[in-house]
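Below, each chain spelled out in residue letters.
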Amino acid sequence: MLTREENEKITRVGPGTPAGELLRRYWFPVGVASELTAESPTQIVRILGETLVLFRDKKGNVGLLNDRCSHRGASLCYGRVEERGIACPYHGWLYDTKGNCLETPAEPAESKFHLTVKQKSYPVQKLVGLYWAYLGPQPLPLIPNFDVWFRKDGHRKIFIQPQLDCNWFQAMENSMDPAHLQILHQDTANRDVQEFDFYEVSYGLMKRRTYKNGMIDEHPVIFPNILRQGNVGQIRVPMDDTHTKVYFVRFFPSQNGEIVENDEPPVEYIKPYKNPPDALHPYTKFRMDMVQAQDHMAWETQGPIADRTNERLTSSDRGVILLREVMFRELKKVQQGQDPMGIVRDAANNPFIDTHLLESIAQIGDDRAPRAVNQ
Ligand code: FES
Ligand SMILES: [Fe+2]
C-alpha cells in the first residue's frame, strides 16, 4: 500500500513531476518513420503530458516542436512545411527543426523580432523504423545497445497496440507480477509455474520463472518502461497520466544468421480490444480471448490511475513491491542530479546487451502477430 503522495510520485508524468523528470532521461519512440512522408509531413505527438508536432521539412529534416505556436498558440500540426522548416497556419511564423524562428511575415521587412523567438524543440533520431525523441536535459544520453534494436542478423516488425487508457505504471507492475499468468491467462498458459524470483541487473529487473517441468524462463523489465520477452521489446510510452502508447518491436532472426541490410520494418496496427474503443470501464466491454486483451482489461479496470492507497498486497506481489522500491530509489537519484538506472553516455561503454532471445525462427514462424506475451 502506498500513501497518496507516493502514488502520485510514481505515476504523474508531466514536466516538473518526479516521475516525469525521471522519464525525461530516456529516449522514447514518438512515431512510425514510414508514415511521415512528403504527402503527410506532420503528426501530433502526445508524450509525457506534452503536445508536440513531429514534422519533416521539404529537405527531409525531421523535427519535434511544441505544437502551440509561440505567437498566439495555434497548432503547428496544421502548418505548411517548407524547405527551411514549418510555417504556422495562422500568421506564418516559420520555424526550423531546432525551434529557431526564421520569419514573421506580417512584421515589417527590416524587423529583427523573429530573432527573439524560440519554439521549444526536442532532438529526434531514427531507429528500428521509428522516430525516437529525448525530452530531457542536455547532454543527450545514448540509446542502449539492446539486442532487439540492434541485432543485424534478421529483420523486425512493429506492432502498434490499441491505445491503453490508463497510467503507464500499471502495465509495468504487471510485468513484475508472474502470479497472474495461471489465472488471467489460464486458457492460453499451458505450463505450471513452480516458483518465481527477481534480481536486479544494470539495466533493469530480471524475472525468473521455474516451471514444474523443470524449464526455466528469464526475461527482464528494462527500466523504466520496456518489457523484453521472447523476441519482442514492448515499449510503453506514457502519453500523459492516464493514456499510454504501446509499441511492440519484434525481431525475427534470419535462418542462417545472414545479415539484413537496411531493415525497414513493416508496421501492423492491432485492432481495438474493447467496444466502444474509446470508452472507459464500465462503459465499454473488453474481448477476453487474447492475452493482450486480457492484460488491457486488467490494467484499465484498475482505474485511470490505480489507487494504491487501497490495496492488499501479498507475498505473490513481491515483484511489484520490488519495482516500486527501485522506482523510488531512482527518483531520488534524479532529484539529487544523478543519472537513473540504465543511462548510457559513453559510446565506448555501450556494450551489446543480449537479453536472451529465447525462441528460434522455427518456433516463431515469420510474420505472425505477437504470441502470448506479457505473461
Ligand atoms: S499563432 Fe502562429 S503565427 Fe500567429
Ligand atoms: Fe499478462
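Parameters and conventions
- Residues numbered from 1 in each chain as written.
- Chains lettered and ligands numbered in written order.
- Predicted model: local features only at pLDDT ≥ 70, side-chain atom pairs only at ≥ 80, totals over all residues.
- Heavy atoms only, no water.
- Helix = DSSP H or I, 4+ residues; strand = E, 2+ residues; numbered from the N terminus.
- Buried < 20%, exposed > 50% of the residue type's maximum accessible area, 1.4 Å probe, protein only.
- Polar contact = N/O pair within 3.5 Å; in protein donor to acceptor, adjacent residues only side chain to side chain.
- Phe/Tyr/Trp six-rings, centres within 6.5 Å; stacked < 30°, edge-to-face > 60°.
- pLDDT = per-residue confidence, 0-100.
- Contact = heavy atoms within 4.5 Å.
- Pairing = 2+ DSSP bridges.
- Salt bridge = Lys/Arg side-chain N within 4 Å of Asp/Glu carboxyl O.
- Core = buried A, V, L, I, M, F, W, Y, C linked by side-chain atoms within 4.5 Å.
- Domains from an automatic or database assignment.
- Axes fitted to C-alpha atoms, helices over the stretch in contact; angles between N-to-C directions.

We now examine the side chain of Arg 24. With respect to the element layout, Arg 24 can be found in the loop between α2 (18-23) and β1 (27-32). The buried category is assigned to Arg 24, whose relative accessible area is 4%. A polar atom in the side chain of Arg 24 sits 2.9 Å from the backbone oxygen of Val 13.

Another point: the packing of aromatic side chains. What the rule picks out here adds up to 7 aromatic pairs. With a centroid separation of 5.7 Å and 75° between ring planes, the pair formed by Phe 146 and Tyr 203 is classed as edge-to-face. Within this pair, whereas Phe 146 is found in the loop between β11 (130-134) and α3 (147-150), its partner Tyr 203 is found in the loop between β13 (193-201) and β14 (204-211), the two being separated by 57 residues in sequence. Each member of the pair, Phe 146 together with Tyr 203, is buried. Judged by centre distance (5.3 Å) and plane angle (75°), the rings of Trp 168 and Phe 169 are edge-to-face. Accessibility classification places Trp 168 together with Phe 169 in one group, the buried group.

Looking at the protein chain as a whole, its pLDDT mean stands at 92, while 94% of the residues score no less than 70. Counted against residues more than four places away or in other chains, residues 358-375, with its pLDDT under 50, gives 59 contacts.

Here we take up the sheet that holds strand β9 (residues 121-122). With antiparallel pairing, the 4 strands of this open sheet are ordered in space as β2-β3-β4-β9. Because the sheet does not close on itself, it has two edges, and the strands there are β2 (42-47) and β9. As paired elements, strand β4 (residues 62-66) and β9 share 2 bridges and run antiparallel to each other. Residue Leu 64 lies in a different strand from β9, and its bridge partner there is Tyr 122.

Here we take up unusual backbone geometry. Phe 223 connects to Pro 224 through a cis peptide bond whose omega is 5°. Among the structural elements, Pro 224 can be located in the loop between β15 (216-222) and β16 (226-229). Of note in this structure, Leu 48 is not a glycine but carries a positive phi near 50°. Here Leu 48 shows up in the loop between β2 and β3 (50-56). Judged by its relative accessible area of 0%, Leu 48 falls in the buried class. The phi angle at Val 128 is positive, at roughly 45°, despite the residue not being glycine. Tracing the backbone through its elements, the reader meets Val 128 in the loop between β10 (124-127) and β11.

Take the pattern of salt bridges next. In this structure the tally under the stated criterion is 24 salt bridges. With its nearest N and O atoms 3.5 Å apart, the salt bridge here joins Glu 82 to Arg 80. Close ionic contact of Lys 157 with Glu 268 constitutes a salt bridge, the shortest N to O distance being 2.8 Å. Linking Lys 157 in strand β12 (residues 154-160) with Glu 268 in strand β19 (residues 267-269), this pair joins segments that are 111 residues apart in sequence.

A separate point is the nonpolar core. Formed by 66 residues in total, the largest nonpolar core has its most connected members in Leu 22, Ile 47, Leu 130, Trp 132, Trp 149, Ile 235 and Met 327. Looking at which domains feed residues into this core, each of domain 1 (33-134) and domain 2 (147-364) supplies at least three. Not counting residues within four places of it along the chain, the set of residues in contact with Trp 132 comprises Trp 27, Phe 28, Pro 29, Val 30, Pro 123, Val 124, Gln 125, Leu 127, Ile 143, Trp 149 and Ile 235.

Glancing now at the environment of Ala 33. Along the chain, Ala 33 falls in the loop between β1 and β2. In sequence terms Ala 33 and Leu 130 are 97 residues apart; their C-alpha atoms lie 4.9 Å from each other.

On to the sheet that holds β1, then. With antiparallel pairing, the 3 strands of this open sheet are ordered in space as β1-β11-β10. Each edge of the open sheet is held by one strand with a lone partner, namely β1 and β10. Taken over all neighbouring pairs, the strand axes of this sheet differ in orientation by 35° on average, direction set aside. Bridge count for β1 against β11 is 5 bridges, and the pairing is antiparallel. Its bridge partner lying in β11, Phe 28 is registered against Ala 133.

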